[in-house]
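Understanding the architecture of this molecule
Residues per chain are reported as follows:
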Amino acid sequence: MSGAPSSPRAGQARAEFARRFSAEPRVFFAPGRVNLIGAHLDYSGGDVLPLALDRGIYVAAALRTDGRILLASLDEDRTVEVAASAVGTRQDPAHGWASYPLGVFRWFRELTGRDSGFAMMFAGDLPIASGLSSSAAIEVATATALDALHGTALAKDELALLGYRAETEYVGLKCGIMDQFASALGRAGHALLLHCHSRTWEHVPLDPAAFDVLVLDTRKPRTLATTGFNERVRECAAAHAALRAAGIDRPYLAAYTAEDLQRAGDRLQGVLRRRARHVVTEMQRVGEAVAALRAGDVVRLGRCLDASHRSTAEDYEVSCAELDEITASARACPGVFGARLTGAGFGGCGIALVTPGAADAVADSVAARYEARFGIAPRFEVLHPGSGPRELHF
Ligand code: GLA
């Protein structure tokens, strides 16, 4: 798929590439995402419902014949330079964000045997830094560029898996597959219903007249995200192990039912019981949300989001005072169907589903309450669904 550039950032990346690397690049795009519902289910094998955005990451890219990899971004002056042959199995933390493209290269080389060097210049137009999966978009943009430059014709889910492996094995965040699949498989006007255990998916149509997705940025940095995130992944594995030890054997945690948890009795207790209860009830909510979306019932969809937020806050404990406040005050506004945290939680962004045209009034009202309590102005943006990765032609 290809298209015309929709943002000046694409042309800027191309011009800066030519200036810094003295060569003519090709230019690619991969979208960021928001997750409508299905919080922290992907690494437990559950169903999630993200949508790709019409904003994301642009990369100007060309192969090199000298075996070097050069990675740069419009937002900083430095260029990360490494020999392609020196890219190993784990990231060097000194490389910062460049670890994402390096990790993708590492797995692309493994899959295709193509090991030549390359240069890339990145630029983004995601309005908000945390919570919209800019790292997955960097990974999918890199995979899309390498695939096109080498003519390897990989399928979209293979591109997503290169990103997933870069993130989990090279960078070391034990995330699930949602963000990379949402970026790689995005389709304009649709959400993606992704069954994470089987890695199969359906595109669910969105009615643009039904609601707007308003992103609520708490501006609380997610410094604890990595620690808290990997801890949740471990807790879910432990809850699954406890259920199996109790003689209730299912292939992944999201496959369990409320009756299973009841049967386990006190063999599943405390924190692990609450984590499992979130997973099991969130699976039901995703099913209900998809049914509501297909029936055009936005009120019911909104209620699913509200209940999802409560469960992530109380049972899963990945919310925080800022996310609770910003979603609660959005919920209290006229024209809001529902609100929840999106992404990993611990800070970052929430989303609210709002009547088209109501976003500005909601933002004003939420901002006043939030600023009075936390002394910092939150940010808001209505974001639109977009399509998946593609080459841009000028
Ligand atoms: C982050 C991870 C995803 C997913 C979400 C929570 O975005 O990268 O894999 O687990 O958190 O739903």
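These lines cover the structure that appears in this document, whether it is placed above or below. (Residues numbered from 1 in each chain as written. Predicted model: local features only at pLDDT ≥ 70, side-chain atom pairs only at ≥ 80, totals over all residues. Heavy atoms only, no water.)

**As for the overall build of the chain**
Across its full length, the chain carries 11 helices and 14 strands. Its C-alpha atoms give the chain a radius of gyration of 21 Å, within 12% of the compact-globule value 21 Å for 394 residues. When each of the 394 residues of the chain is scored for burial, the buried share is 58%. With an accessible surface of roughly 15300 Å², the chain has 50% of that area assigned to carbon and sulfur atoms. Charged side chains of the chain number 43 positive and 46 negative; the gap between the two group centres comes to 3 Å. (Helix = DSSP H or I, 4+ residues; strand = E, 2+ residues; numbered from the N terminus. Rg over C-alpha atoms; globule rule 2.2 N^0.38 Å. Buried < 20%, exposed > 50% of the residue type's maximum accessible area, 1.4 Å probe, protein only. Areas by Shrake-Rupley, 256 points an atom, 1.4 Å probe, with all protein chains shown as cover. Lys, Arg positive; Asp, Glu negative; His and termini not counted. Charge placed at Lys NZ, Arg CZ, Asp CG, Glu CD.)

**Section: the pairing of strand E7 (residues 118-124)**
Counting buried positions along E7 yields six of seven residues, so the element is predominantly enclosed. With seven bridges connecting them, strand E4 (residues 50-63) and E7 associate as antiparallel partners. Paired with Leu63 across the strands is Phe118, a residue of E7. As paired elements, strand E5 (residues 68-73) and E7 share five bridges and run parallel to each other. Bridge pairing in E7 places Leu70 opposite Ala119. (Pairing = 2+ DSSP bridges.)

**Looking at the packing of aromatic side chains**
Two aromatic rings, taken as a pair, are described by how far apart their centres are and by the angle between their planes. In this structure the tally under the stated criterion is seven aromatic pairs. Taking 5.0 Å as the distance between ring centres and 45° as the angle between the ring planes, the aromatic pair formed by Phe29 and Tyr58 counts as tilted. Of this pair, Phe29 sits in strand E2 (residues 26-35) while Tyr58 sits in strand E4, and the two are 29 residues apart along the sequence. Each member of the pair, Phe29 together with Tyr58, is buried. Positioned above the aromatic ring of Trp107, the side-chain terminus of Arg165 is 4.9 Å from the ring centre. Sitting over the ring of Tyr316, Arg275 keeps its end group 6.0 Å from the ring centre. (Phe/Tyr/Trp six-rings, centres within 6.5 Å; stacked < 30°, edge-to-face > 60°. Lys NZ or Arg CZ within 6 Å of the ring centre and 35° of its normal.)

**What about the sheet that holds strand E11 (residues 336-341)?**
Judged by pairing direction, the sheet is antiparallel, and its four strands sit side by side in the order E11-E12-E10-E13 without closing on themselves. Pairing within the sheet leaves two strands with one partner each, and these edge strands are E11 and strand E13 (379-383). Looking at each pair of strands side by side, their axes are set apart by 20° on average, direction ignored. Sitting on the sheet, helix H10 (residues 321-331) is in contact with strand E10 (212-217), E11 and strand E12 (349-354), with an inclination near 175° to E11. (Axes fitted to C-alpha atoms, helices over the stretch in contact; angles between N-to-C directions. Contact = heavy atoms within 4.5 Å.)

**Examining the site of the ligand**
Near the ligand, the surroundings consist of Arg33, Ala39, His40, Asp42, Tyr43, Cys175, Gly176, Met178, Asp179, Phe229, Gly343 and Ala344. The contact in question runs from an oxygen atom of the ligand to an N or O atom on the side chain of Arg33, over 3.0 Å. Take His40: an N or O atom from its main chain is 2.8 Å from an oxygen atom of the ligand. When the free accessible area of the ligand is taken as 310 Å², the share hidden by the protein chains comes to 94%. A class-by-class count of the residues in the shell around the ligand yields six nonpolar, three polar and three charged. (Near = heavy atom within 4 Å. Polar contact = N/O pair within 3.5 Å; in protein donor to acceptor, adjacent residues only side chain to side chain. Nonpolar A, V, L, I, M, F, W, Y, C, P; charged D, E, K, R; others polar.)

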